[in-house]
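Topology and contacts: notes
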Amino acid sequence: MKLKSHRGAAKRFKFTAKSKVKRSRAYASHLLTGKSSKRARRLRVSTLVSKAEETSIKRLLPYG
């Protein structure tokens, strides 16, 4: 049988070409007026998931 992807994880994580897991940064969605423009700019840039959490996320997204 085909495995189902965890839909909540599928909306939050993408895979790179070398199958590393990419994520967006937290604290970037609202209350941006209180944050400095330098900090808000850094929050727009996506980053990779840590090695400790990568295996559990790949289990949620079997066809990534």
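Bear in mind the structure is a predicted one, so any value in this text is a computation, not a measurement.

Another point: the overall build of the protein. Along its length, the protein carries three helices and three strands. In sequence order, the secondary structure elements of the protein are arranged as α-β-β-α-β-α. Rg of the C-alpha trace for the protein: 14 Å, well past the compact-globule value of 11 Å for 64 residues, more than 25% over. Viewed in the frame of its principal axes, the protein has a C-alpha envelope of about 50 × 20 × 20 Å.

Our focus in this paragraph is the side chain of E54. Summarising the element assignment, E54 is placed in helix α3 (residues 51–60). For E54, a relative accessible area of 10% corresponds to the buried category. For E54, the residues in contact, after removing those within four places along its chain, are S19, K20, V21 and V49.

Take the sheet that holds strand β2 (residues 21–23) next. Spatial ordering of the open sheet is given by β1-β2-β3, a layout of three strands whose pairing is antiparallel. Two strands bound the open sheet, and with one partner strand each, they are β1 (13–15) and β3 (47–48). Where β2 meets β3, two bridges bridge the pair, whose relative direction is antiparallel. Looking across to β3, one finds that K22 is bridged to L48.

What follows concerns unusual backbone geometry. The phi dihedral of Y27 falls on the positive side, at around 65°, and the residue is not glycine. Locating Y27 in the fold gives a position in the loop between β2 and α2 (37–44). Even without being glycine, L31 reaches a positive phi, approximately 60°. A relative accessible area of 65% means that L31 is categorised as exposed.

What counts as what
Residues numbered from 1 in each chain as written. Predicted model: local features only at pLDDT ≥ 70, side-chain atom pairs only at ≥ 80, totals over all residues. Heavy atoms only, no water. Helix = DSSP H or I, 4+ residues; strand = E, 2+ residues; numbered from the N terminus. Rg over C-alpha atoms; globule rule 2.2 N^0.38 Å. Buried < 20%, exposed > 50% of the residue type's maximum accessible area, 1.4 Å probe, protein only. Contact = heavy atoms within 4.5 Å. Pairing = 2+ DSSP bridges.

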